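Observations on chain architecture
In case you want the letters, here they are:
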Amino acid sequence: MTLEFTLASARDALRSRRISSRELTQAHLASIAALDPKLHAFITVTPDLALAQADAADAALGRGEAGPLTGLPVAIKDVFCTKGVKTTAASKILEPFVPPYESTVTSNMLRDGAVFLGKLNLDEFAMGSATTNSAFGATINPWQRQDSDVALVPGGSSGGSAAAVASGMALAATGTDTGGSIRQPASYCGIVGIKPTYGRCSRYGIVAFASSLDQAGPFGRTVEDTAILLGSMAGHDPKDSTSVPRAVPDFVAAAKRGVKGLKIGVPREYRAEGMPAEIEALWAQGLDWLRQQGAEIVDVSLPHTKYGLATYYIVAPAEASSNLARYDGVRYGLRVPANDLKDLYEETRAAGFGKEVRRRILMGTYVLSAGYYDAYYLKAQKVRALILKDFTEVFTKVDALLTPTAPSAAFAIGENADDPVKMYLNDIFTVPASMAGVPGMSVPAGLDAHGLPLGLQVLGRHFDEETVFAVGAALEKAAGFTGLPQIRMGEGA
Amino acid sequence: MASSSSPLDPAVVRRIARLARIRLADEDVAQLQTELGSIIGWIEQLDEVDVSGVDPLANIGAASMTLRDDVVTDGDQVDAVLANAPARSGPFFTVPKVVE
Amino acid sequence: MSYIIEGRTGPWELVIGLEVHAQVVSNAKLFSGASATYGGEPNAQVSFIDAGFPGMLPVINGECVAQAVRTGLGLNAEINLVSRFDRKNYFYADLPQGYQISQFAHPIVGKGIVDIELESGEVRHIGVTRLHLEQDAGKSMHDQHPAESFIDLNRAGVALMEIVSEPDMRSPEEAGAYLRKLRTILRYLGTCDGNMEEGSMRADVNVSVRKAGEEFRTRCEIKNVNSVRFVMQAIEVEARRQVEIWESGASVDQETRLYDPARSETRSMRSKEDAHDYRYFPDPDLLPLVIEQAWVDQLAAMLPELPDAKKARFISDYGIPAYDARVLVMEQASADFYETLAKGRDGKAASNWMLGDFFAGLNRLGKGIETSPISAATLGGLLDLIADATINGKIAKEVLEAMMETGESAAAIVEAKGLKQVTDTGAIDAAVDAVLAANPDKLAEYKSGKEKLFGFFVGQVMKAMAGKGNPALVNEAIKRKL
Ligand SMILES: [Mg+2]
Ligand SMILES: [Zn+2]
């Protein structure tokens, strides 16, 4: 039953009282009970809280007081602080942490009536592209290769979110995207995910990875579902200095605009060497679909885009090394007892952080340290300025860009694990937009030779998510993607 | 830039680990030398970008900050502030004695 | 000016610069809505932002920015319309975020000037390099428990202005004068209460020594000195220590030191040695701080009259000596008291009485001007009685003493004690006659040329009149009769 509904259709069913929120919530809790032992998408499930919220939603619906999300069971990436519910960022160092406050994004969703099923797995502190860096075990992609049942990664860092939504354990979910952490797992799990413009969603109460890049965004099984959820998550927040005071547009309406007359750019630099032919073909197919619906396709250039990834791997670790200094065993979280303060810090942080987090903290410390700052960090900030300039210039010529989301479909757990740089290359198509702060969406567009989903990425101007939704919806319509993962609720499961 | 893709000097690895307050075992140092060395070697591709005359970019989005009113809106929550403390004594957080 | 240390190898000159941390007067903290007032219950003035909880973000307090701008204007400094915040990264138990938000590369206030006046009357210009806004840290207490330090975060995140001087000072006296002057300016502006005991003003002192005409030698920074007196003492002992090192043929190491007033020595803070790489970078949680020139102009228009301007005005309006004016403007409260007192009265007499007997009286009572038992208007009443010859100066001293004790008006005390001056020439003549008659020998001596005895007769007459005789009339009568 959980996969029969989209967020939109479940909302309609609730409003017409064809189903109660309690029933819908129970069905999702049952899905979690059945599937999560295999998928490990959740770090924490909160059934009692969810059912209490569902009952409150049913009462509100009974009074005719339905908010945009009233009674809809969704799940939250475990970097959003949730008051009274432990929030770990998938790290041992935060394992015991129970926030005494609620993030703005989740507050907005609660204001709109959402039911929270629990907290979703991720790469520790959102650092990774496979959700294999979680201190609480890897999340498994509900999709499998036709010819093998080897466990695949769901992508990352929001892998728990993508797996939960794809398999039917939640109608929709929140994620965060710093260099591709929404778009890449959406692509790997055959669902829709959008990273809005930097500044669109408040970062207040989100465990920080890299502050100048982190953005919250939604996962859904349809473009419309992500439009509904983003409409609730977004909005100016005076508690976040980088949140931009702009009204939240009607994303659902925007998704219905169509693409007639839009200019869609094809950045030639994204034709990375060694791109699999099937991804190249899917990309061409996507452009065709848009052309058929009345868009004009324009060849464009983003000359500095190829430096995006290297720039990212200076800027993000630099910010992270500082953002993660607060995890010191003094005020909350893990503490390894010691006889002096320095030992306490060093032992606590050595025991509390996983390998990738440790690597990035050290990398960030290195690029900011005396003698290296100018050569690495300052240089990266300048290249970042050039990357932004590329996007700004290209968006004077086109309304949106279309690229593949990732250079491959989901890979097996353990692959790419030997070399950090190889793992980082998964984000090659998603990172430039993060560096420029522009919105980007991944839409499932087809299957690879193994039957695994592949996504296409739509990028738009700053604060023009509306066009991104319009283009995403057009691709969705043309692709008619109906693929379902092997590990899922419902028939065939 | 400062180095090639060869492993970092172990003294550098130890120094940044000390700055970052992360205890490293000896075998960690060797592994991180290689890993960080290879990442650094890879990011040195930025050498080829001409950035002369380019201003560094630190933030995307709004151009400047909004100023908050000078009103007390927070605090008075000793219990909540200390609720997660791994060690405390009354209303204080505690740490091993610091000798200055 | 020429303060020198005589070493074995000759004279040494001192080079001193100060970094003053001044706590901004504001209701709430720099980046959180928690109270910034002093002395709350431990950890009661703490937001989750101050405690560095996950996902908590700073939002800047506009009043703290305004206070920094006012201070910059008061220091005759450039105001930077675009500034920004950086993170200074280091680990410490009372630094919850693992970094201090400060302004490193782009401070809000640039170069300025503070004029100081030395005891000799010489005026010196001390350059201000910059003023920037930053967060205070919390407080670690090391003496509550044998094995633990206790952490109170009430001060964590309170706004500080760090005011950095040029290395323009050459003696402990100049450093003391600079610090006092800075405190006076801040207090006038209302941007810092200048209370060094509560730690709302602390100084880091940079000291080096050199031979005349040399470039700067290596300096040491003495951290967190919390009184003017200690700053002056610390400079002296540190400079002597450095002279000894140089003269022994060794070199001074650049380092951070602590002043121990009990032992009158400075010692190295080796514990901080490790934390020297602060990895400053722009705080990505904050955007550039951009302010409008119009707003700066508005703040400038509303600034109070500052001590230097007030001093000049006192000298020209009230005709008082520069020294008096300087003392009077040191505290806004004294200056205000003086102006009330001097308005419509003789300015010189007002400053004499205020700086003399009135301040002495306050001292005796252990009170400050704010807690004075009598107001300026009440003191003015005394001056009026002197001016209209109701009492003479000598009696006035006695009356003031009584006023300070009781808080009563001069008129009431004069009335009750019957201290009115006698101006009745008949009574005066009678007293003079009596004195002359009682001292025929002295009278003879006077007449034979011992004119110094005139004073003796005045004294005797005043004594006979219980001090209440009008001194001018008494003099006149004696002259006449002799
Ligand atoms: Mg300093
Ligand atoms: Zn400072």
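Predicted model, so just to flag it, every value in this text is computed and none were measured.

What about the overall build of chain B?
Assigned secondary structure in chain B consists of three helices and two strands. Listing the helices and strands of chain B from first to last along the sequence gives α-α-α-β-β. Its C-alpha atoms give chain B a radius of gyration of 23 Å, more than 25% over the compact-globule value 13 Å for 100 residues. Based on the C-alpha atoms only, the size of chain B along its principal axes is roughly 55 × 45 × 25 Å. When contacts within chain B are restricted to residue pairs at least 6 apart in sequence, long-range pairs at least 24 apart make up 48% of them. Side-chain charges in chain B split into 8 positive and 16 negative, and the spacing between the mean points of these groups amounts to 13 Å.

Re helix 10 (residues 393-406) of chain C
Residues and elements named next belong to chain C. The first and last C-alpha atoms of helix 10 sit 20 Å apart over 14 residues, in line with the 20 Å expected at 1.5 Å per residue. For helix 10, the full list of buried residues reads Ile395, Ala396, Val399, Leu400, Ala402, Met403 and Met404. Residues of helix 10 that are buried sit in contact with helix 8 (347-365), helix 9 (376-387) and helix 11 (410-417). Capping the start of helix 10 is the job of one residue whose side-chain oxygen sits 3.0 Å from the backbone nitrogen of Lys394: Asn392.

Regarding the interface of chain B and chain A
Each partner contributes to the interface: chain B provides 52 residues, whereas chain A provides 66 residues. Together, the buried faces of chain B and chain A total about 5,200 Å²; carbon and sulfur atoms form 69% of this surface. In terms of surface lost to chain A, no three residues of chain B exceed B:Arg23, B:Trp42 and B:Ile60, which account for 15% of the buried area on that side. Among the ionic pairs, B:Arg23 bridges to A:Asp343, the shortest N-O distance being 2.9 Å. Scanning the region where chain B abuts chain A turns up 15 residue pairs in polar contact (both at pLDDT 80 or more). Going through the elements one at a time, helix 1 (10-19), helix 2 (26-43) and strand 2 (92-96) of chain B are the ones with two or more residues in the side of chain B that touches chain A. A total of ten residues in the side of chain B that touches chain A trace back to one element, the largest contributor, which is helix 2 of chain B. For the side of chain B that touches chain A, the per-class residue count stands at 34 nonpolar, seven polar and eleven charged.

Some thoughts on the coordination of the zinc ion (ligand 2)
Residues and elements named next belong to chain C. On the protein side, the zinc ion (ligand 2) has His21 (NE2), Glu134 (OE) and Glu162 (OE) as donor atoms, found 1.9 to 2.1 Å from it. Each donor residue of the zinc ion (ligand 2) belongs to the same chain, with the gaps between them written as H-x112-E-x27-E. Residue classification places Glu134 among the buried residues on the basis of a relative accessible area of 3%.

Re the domain arrangement of chain C
When the parts of a complex come together, some accessible area is lost, and that lost area is often taken as the interface size. By domain assignment, chain C separates into domain 1 (4-299), domain 2 (315-417) and domain 3 (425-481). Summarising the inter-unit geometry, the C-alpha centres of domain 2 of chain C and domain 3 of chain C are found 31 Å apart.

So, how was this worked out
- Residues numbered from 1 in each chain as written.
- Chains lettered and ligands numbered in written order.
- Predicted model: local features only at pLDDT ≥ 70, side-chain atom pairs only at ≥ 80, totals over all residues.
- Heavy atoms only, no water.
- Helix = DSSP H or I, 4+ residues; strand = E, 2+ residues; numbered from the N terminus.
- Rg over C-alpha atoms; globule rule 2.2 N^0.38 Å.
- Contact = heavy atoms within 4.5 Å.
- Lys, Arg positive; Asp, Glu negative; His and termini not counted.
- Charge placed at Lys NZ, Arg CZ, Asp CG, Glu CD.
- Expected span 1.5 Å × (residues − 1).
- Buried < 20%, exposed > 50% of the residue type's maximum accessible area, 1.4 Å probe, protein only.
- Polar contact = N/O pair within 3.5 Å; in protein donor to acceptor, adjacent residues only side chain to side chain.
- Buried area = accessible area lost by both parts, 1.4 Å probe.
- Salt bridge = Lys/Arg side-chain N within 4 Å of Asp/Glu carboxyl O.
- Nonpolar A, V, L, I, M, F, W, Y, C, P; charged D, E, K, R; others polar.
- Donors = N, O, S within 2.8 Å, 3.2 Å for Na, K, Ca; no water.
- Domains from an automatic or database assignment.

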